[in-house]
Amino acid sequence: MYKWLYLDPYAEITFNHPKKRCLIFNTLDSKKYLFEGKEYEMIKRIFENDYSIKITDNELKTNKLLINRIENNFFGGVYSSDEKPLILYPIINIQRNLRKFKTISSRDQGTDILENLLELSIHFKDNNCILRIDRVIQLIRDAENSSLKKINIYIDSYFTHKTEIEELLSFLKTVRIKTYIEINVKDYYSFINNLPDIKSNEVFAIQVIIVDFDFNEKVVEEKNVSLKFRISNEEEYNFFTNKVSESTDYSFEVDFTKVNHSFLCENLFLNEEDIQDIKLTKQNYDANKTLNRNLFGKLVVKNNAVFSSENNSKAIATLDNEINLKQIIFDSLCKSNDWFLIRKNVKPCKSCLYKNICPPITENEILLKKYNLCTVLN
Ligand code: SF4
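### Some details on the sheet that holds strand β8 (residues 150-155)
Part 1: Reading across from one edge, β12-β11-β10-β9-β8-β7-β13-β14-β15 is the order of the nine strands in this open sheet, with mixed pairing throughout. With one partner strand each, in any of the chains shown, β12 (250-254) and β15 (317-318) form the two edges of the open sheet.

### Focus on the site of the ligand
Part 1: In the neighbourhood of the ligand, the contacting residues comprise I275, R343, C349, C352, Y354, K355, C358, Y371, N372, C374, V376 and L377.
Part 2: The residue makeup of the shell around the ligand, split by class, is nine nonpolar, one polar and two charged.

### What to know about helix α5 (residues 133-142)
Part 1: Of all the positions in α5, only I133, R135, V136, I137, L139 and I140 are classed as buried.
Part 2: Structurally, α5 contributes buried residues whose contacts are with β7 (119-124), β8, α6 (162-175), β13 (298-302) and α13 (325-334).

### What to know about the packing of aromatic side chains
Part 1: Inspection of every chain in the model, using the stated rule, returns 22 aromatic pairs.
Part 2: With centroids separated by 5.4 Å and ring planes inclined at 90°, the aromatic side chains of Y158 and F191 adopt a geometry described as edge-to-face. Highlighted residues: Y158 in the loop between β8 and α6 and F191 in helix α7 (residues 185-194), separated in sequence by 33 residues.
Part 3: Overall, Y158 belongs to the buried group, its relative accessible area being 0%.
Part 4: Note on F191: relative accessible area 0%, which makes it buried.
Part 5: Arranged with centres 5.0 Å apart and planes meeting at 55°, the rings of F296 and W339 form a pair that is tilted. Taken together, the positions of F296 in the loop between α12 (282-290) and β13 and W339 in the loop between α13 and α14 (363-368) put the pair 43 residues apart, joining distant regions of the chain.

What counts as what
- Residues numbered from 1 in each chain as written.
- Predicted model: local features only at pLDDT ≥ 70, side-chain atom pairs only at ≥ 80, totals over all residues.
- Heavy atoms only, no water.
- Pairing = 2+ DSSP bridges.
- Helix = DSSP H or I, 4+ residues; strand = E, 2+ residues; numbered from the N terminus.
- Near = heavy atom within 4 Å.
- Nonpolar A, V, L, I, M, F, W, Y, C, P; charged D, E, K, R; others polar.
- Buried < 20%, exposed > 50% of the residue type's maximum accessible area, 1.4 Å probe, protein only.
- Contact = heavy atoms within 4.5 Å.
- Phe/Tyr/Trp six-rings, centres within 6.5 Å; stacked < 30°, edge-to-face > 60°.

So far we have only geometry, and geometry alone does not tell us how the molecule works.
Shown next as structure tokens:
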């Protein structure tokens, strides 16, 4: 009879080999355990041998602390048997079609490629580019059999795009996909006076964006809308906090194009304690190894073109041509990297033990071209 030191299959391991460190993440309770030096060597051996190794009585003694830690926290232990234990490490299929789509060269995959479309954002920008709204509506019609559950409409300039916005909203009332409208406070009252039923229609949720100190404060008492204050420093945070009442539905959004480094560090950077508190299911942990849960399935329409993320400057399609939604999704899956932009592929996160635990990369990190908004590797 041999003794085997094993780890349970729900113990996920990440390594930093140059630093001889590793992290075990218990996907049952989201607890995290760091190992260094000799303990790292032992975990590495277990990992490389299908989660179990034969262990001598002498090794049992010299690794007592490590074994106690494993057994007391229920992610492995010592097992006596003639045969090596069979540890079945589960592989979860995150998106059943992904691998298939990555290896084919044509888009003609029936309707199932449409399952990968989850969210659509449409920008009415403060410029003279008038959206081909017939093509946008066609795109949404073509998404009928997709997984599209959320539409975001960003209105930077209501009067420039009034006709197109009204045509789109009128169409969306019939489609009944939850639609989130963001409009700047300067245009809000004109918008709502022209389209009063939008506010009471449950398909729509309106968020009013406030950037400047000089804004119409009447909006703070407005019912059935939420406010979003866009801030870049503490002074703005304090100013707007003093303007709201208890009944105001509001939130803050950091303007990453203006924010300074010290404000970012103090208020937004993740530290090790924050990461220790992160709870993650096995499915989301596996998803973090494969795709970007923030960006996957989102398409962005702006300036008469379609993009696979907000900050990608390379369009997947243009609204000047006939729209082919399956081709757009196919290209987002296979030609653009946005939906698969994960920490294990970017510096410095790729060498960090927390790369599969940290929240997925955000649009703001892409905008800043900085992926370590944290105090861990900085
Ligand atoms: S370096 Fe990247 S993966 Fe590591 S803690 Fe910071 S953000 Fe997370």
